[in-house]
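# A closer look at the structure
Chain by chain, the residues:
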Amino acid sequence: MATVLITLKIKEGMEARYEEIQKDLYEKTHSLESDVLRYEMWRGQEPRSYYCILSFPDYNTFLINHQISDHHEDATPPLMEVIEEEGIEWVDPIQGASPLPSTNPQDVPADAPEIAKTYDEVLRVAVPDWWASLR
């Protein structure tokens, strides 16, 4: 499984545009992808701050079925126009306190599209050692 928490700061005055893009991407993600465990967006307390949680059965489902999907690739340029800062953190659901399975790394298949391999260089799951003793 793979769960990622994304923190965003949106450019001033672009909040409504960001939310419009995310609403469309949310609808397409949930209607066109079958293996989405979580895909949700929230506003933060600080002005222009947002949080996204994405969870998929495994990393390759996230990477290949979602991240490089046509609908996500179509949304990327408009998102890049409105995002000022972005943080990406792989998180590990606490078993017994979350219904989601543990986050684990996975190798990208050798026959995966080149764009998936490029994204993998940036997005690869890294499991901190301290998680192991608590699982």
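Please read all numbers here as calculations on a predicted model, not as lab measurements.

## Section: the packing of helix 2 (residues 59-67) against helix 4 (residues 114-123)
Where helix 2 contacts helix 4, the two axes come as close as 11 Å, and the packing angle between them is 125°. Classed by the angle they form, the pair helix 2 and helix 4 counts as oblique. Every pair of crossing elements has a handedness; the one defined by helix 2 and helix 4 is right-handed. Each of Y59, F62, L63, I64 and Q67 in helix 2 lies in contact with helix 4, whose residues at this interface are A116, Y119, D120 and L123. Of the residues that constitute the contact of helix 2 with helix 4, the class distribution is seven nonpolar, one polar and one charged.

## Some words on the packing of helix 1 (residues 15-32) against helix 3 (residues 70-82)
Two measures define how a pair of helices packs: the angle their axes make with one another and the distance between the axes. Between helix 1 and helix 3, the least distance of the axes is 10 Å, while the angle of their chain directions is 165°. With respect to helix 3, the axis of helix 1 lies roughly antiparallel. Handedness of the crossing formed by helix 1 with helix 3: left-handed. Packed against helix 1, whose contacting residues are R17, Y18, I21, Q22, L25, K28, T29 and L32, the element helix 3 presents H71, H72, A75, P78, L79 and V82 at the interface. Class assignment of the residues belonging to the contact of helix 1 with helix 3 gives a composition of eight nonpolar, four polar and two charged.

## Digging into the sheet that holds strand 3 (residues 49-56)
Here four strands make up an open sheet; going across it, the order is 2-3-1-4 and the pairing antiparallel. Looking along the sheet, the strands with just one partner apiece sit at the ends: strand 2 (38-43) and strand 4 (83-91). Going across the sheet, the axis of each strand differs from the next one's by a mean of 15°, ignoring polarity. Pairing between strand 1 (residues 2-10) and strand 3: eight bridges, direction antiparallel. By the bridge assignment, K9 is partnered in strand 3 with S49. Packed onto the sheet, helix 1 meets strand 1, strand 2 and strand 3 and runs at close to 165° relative to strand 2. Helix-sheet contacts for helix 3 involve strand 1 and strand 4, and the interaxial angle to strand 4 is about 115°.

## As for the pattern of salt bridges
Counting across every chain of the model gives eight salt bridges. D24 is the partner of K28 in a salt bridge, and the nearest nitrogen-oxygen pair spans 3.1 Å. Placement of both K28 and D24 in helix 1 is noted, with a separation of four residues, approximately one turn of the helix. For K28, a relative accessible area of 30% corresponds to the partly exposed category. Measuring nitrogen to oxygen at the nearest pair gives 3.8 Å for the salt bridge that ties R38 to E40. According to the relative accessible area criterion, E40 is partly exposed, its value standing at 29%.

## Observations regarding helix 1
Relative to the 26 Å expected for 18 residues at 1.5 Å per residue, helix 1 spans 25 Å between its end C-alpha atoms, a close match to the ideal helical length. Contacts made by the buried residues of helix 1 are with strand 1, strand 2, strand 3, helix 2 and helix 3.

What counts as what
Residues numbered from 1 in each chain as written. Predicted model: local features only at pLDDT ≥ 70, side-chain atom pairs only at ≥ 80, totals over all residues. Heavy atoms only, no water. Axes fitted to C-alpha atoms, helices over the stretch in contact; angles between N-to-C directions. Helix = DSSP H or I, 4+ residues; strand = E, 2+ residues; numbered from the N terminus. Parallel < 35°, antiparallel > 145°, perpendicular 65-115°, else oblique. Left-handed = near helix turned anticlockwise from the far one by under 90°. Contact = heavy atoms within 4.5 Å. Nonpolar A, V, L, I, M, F, W, Y, C, P; charged D, E, K, R; others polar. Pairing = 2+ DSSP bridges. Salt bridge = Lys/Arg side-chain N within 4 Å of Asp/Glu carboxyl O. Buried < 20%, exposed > 50% of the residue type's maximum accessible area, 1.4 Å probe, protein only. Expected span 1.5 Å × (residues − 1).

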